[in-house]
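Chains, contacts and geometry: an overview
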Amino acid sequence: EAGVAQSPRYKIIEKRQSVAFWCNPISGHATLYWYQQILGQGPKLLIQFQNNGVVDDSQLPKDRFSAERLKGVDSTLKIQPAKLEDSAVYLCASSVLGGTAFFGQGTRLTVV
Amino acid sequence: GDSVTQMEGPVTLSEEAFLTINCTYTATGYPSLFWYVQYPGEGLQLLLKATKADDKGSNKGFEATYRKETTSFHLEKGSVQVSDSAVYFCALSDRMNTGFQKLVFGTGTRLLVSP
């Protein structure tokens, strides 16, 4: 069974630029999560989707971050404009409703 | 709100030593509890889980028991190997007001095992 796919693996951008990350969840998983993991910290939930609807985005900095899951399958997370403090690993995970979350390898973002 | 507290690392052990990584939680409901492991350069992998009080999760020689009375889920292994060197995250999954599950992580504990 294929796992959660994320791309790119690494991205370096200058502050004030924009960036987008892509995630393809495990087939059949209706729940999709985006987490931000700053170096030395635990993952922090940014947004959670159930199919193509948002169920929790309380910690998403909405002035610069946006995410969509238009067809209820893959998802895109965007940052515009990026700040230095956005340097982190962005993790995507998916699960069946109420099930265990499975994670992708993450995208490491460096903002210079 | 829900939260998870883990012991700070790094935890440094010699091969074949006994491992304990402490984890306590705060939750409004009856959460499921998890340990995830992150090897260098990789994503999070589920190590083990427990879904109700007194359940014991186990995998690859690691085990943890869901203790409701002490709100704890400590990770243990009888004999660690160099290959166990990684960062270990304790997490809980609790039902939100929306009816959906929310997964909350601790800050992680780095384990370093030397030969």
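Before any of the text, the structure's been laid out above.
Because the structure is a prediction, the values reported are computed rather than measured. (Residues numbered from 1 in each chain as written. Chains lettered and ligands numbered in written order. Predicted model: local features only at pLDDT ≥ 70, side-chain atom pairs only at ≥ 80, totals over all residues. Heavy atoms only, no water.)

**Here's the deal with the state of the cysteines**
Summed over the entire model, instances satisfying the criterion amount to 2 disulfides over all chains. Paired through a disulfide, A:C23 and A:C92 show a sulfur-sulfur distance of 1.9 Å. Between A:C23 and A:C92, the disulfide has an S-S torsion of -70° and is therefore left-handed. Taken together, the residues A:C23 in strand β3 (residues 19–24) and A:C92 in strand β9 (residues 88–95) connect sequence positions 69 residues apart. A:C23 sits in the buried class, given a relative accessible area of 0%. Residue pairing for B:C23: its cysteine sulfur links by disulfide to B:C90, the two sulfurs lying 2.0 Å apart. Disulfide B:C23-B:C90: the torsion about the S-S bond is -70°, which places it as left-handed. Placement of the pair is B:C23 in strand β4 (residues 23–26) and B:C90 in strand β10 (residues 86–95), with a sequence separation of 67 residues. (Disulfide = S-S within 2.5 Å. Helix = DSSP H or I, 4+ residues; strand = E, 2+ residues; numbered from the N terminus. Buried < 20%, exposed > 50% of the residue type's maximum accessible area, 1.4 Å probe, protein only.)

**Quick word on the environment of A:G42**
Along the chain, A:G42 turns up in the loop between β4 (31–37) and β5 (44–50). With a relative accessible area of 12%, A:G42 lands in the buried category.

**A few points about the packing of aromatic side chains**
For the coordinates displayed, the defined rule picks out 12 aromatic pairs over all chains. Taking 6.4 Å as the distance between ring centres and 40° as the angle between the ring planes, the aromatic pair formed by A:F65 and A:Y90 counts as tilted. Taken together, the residues A:F65 in strand β7 (residues 65–68) and A:Y90 in strand β9 connect sequence positions 25 residues apart. Relative accessible area serves as the criterion here: at 3%, A:F65 is assigned to the buried category. On the numbers, 5.5 Å between centres and 55° between planes, the contact of B:Y36 with B:F105 is tilted. Taken as a pair, B:Y36 in strand β5 (residues 32–38) and B:F105 in strand β11 (residues 101–105) lie far apart in primary sequence, 69 residues in all. (Phe/Tyr/Trp six-rings, centres within 6.5 Å; stacked < 30°, edge-to-face > 60°.)

**Thoughts on the environment of B:L47**
Residues and elements named next belong to chain B. As for its placement among the helices and strands, L47 is situated in strand β6 (residues 44–50). Separated by 16 residues in sequence, L47 and E63 have C-alpha atoms that sit 9.1 Å apart. For L47, the residues in contact, after removing those within four places along its chain, are W35, Y36, V37, N59, K60, F62, L75 and Y88. (Contact = heavy atoms within 4.5 Å.)

**Overview of the interface of chain B and chain A**
Taken together, the contact between chain B and chain A spans 19 residues of the former and 21 residues of the latter. On the chain B side of the interface with chain A, the three residues burying the most area are B:L44, B:F100 and B:L103, jointly 30% of the side's total. Between B:K102 and A:D56 there is a salt bridge, with its nearest N and O atoms 3.6 Å apart. Inspection of the chain B/chain A interface yields 5 residue pairs in polar contact (both at pLDDT 80 or more). Those elements that place two or more of their residues in the side of chain B that touches chain A are β5, β6 and β11 of chain B. With 4 residues, β11(B) is the largest single contributor of residues to the side of chain B that touches chain A. (Buried area = accessible area lost by both parts, 1.4 Å probe. Salt bridge = Lys/Arg side-chain N within 4 Å of Asp/Glu carboxyl O. Polar contact = N/O pair within 3.5 Å; in protein donor to acceptor, adjacent residues only side chain to side chain.)

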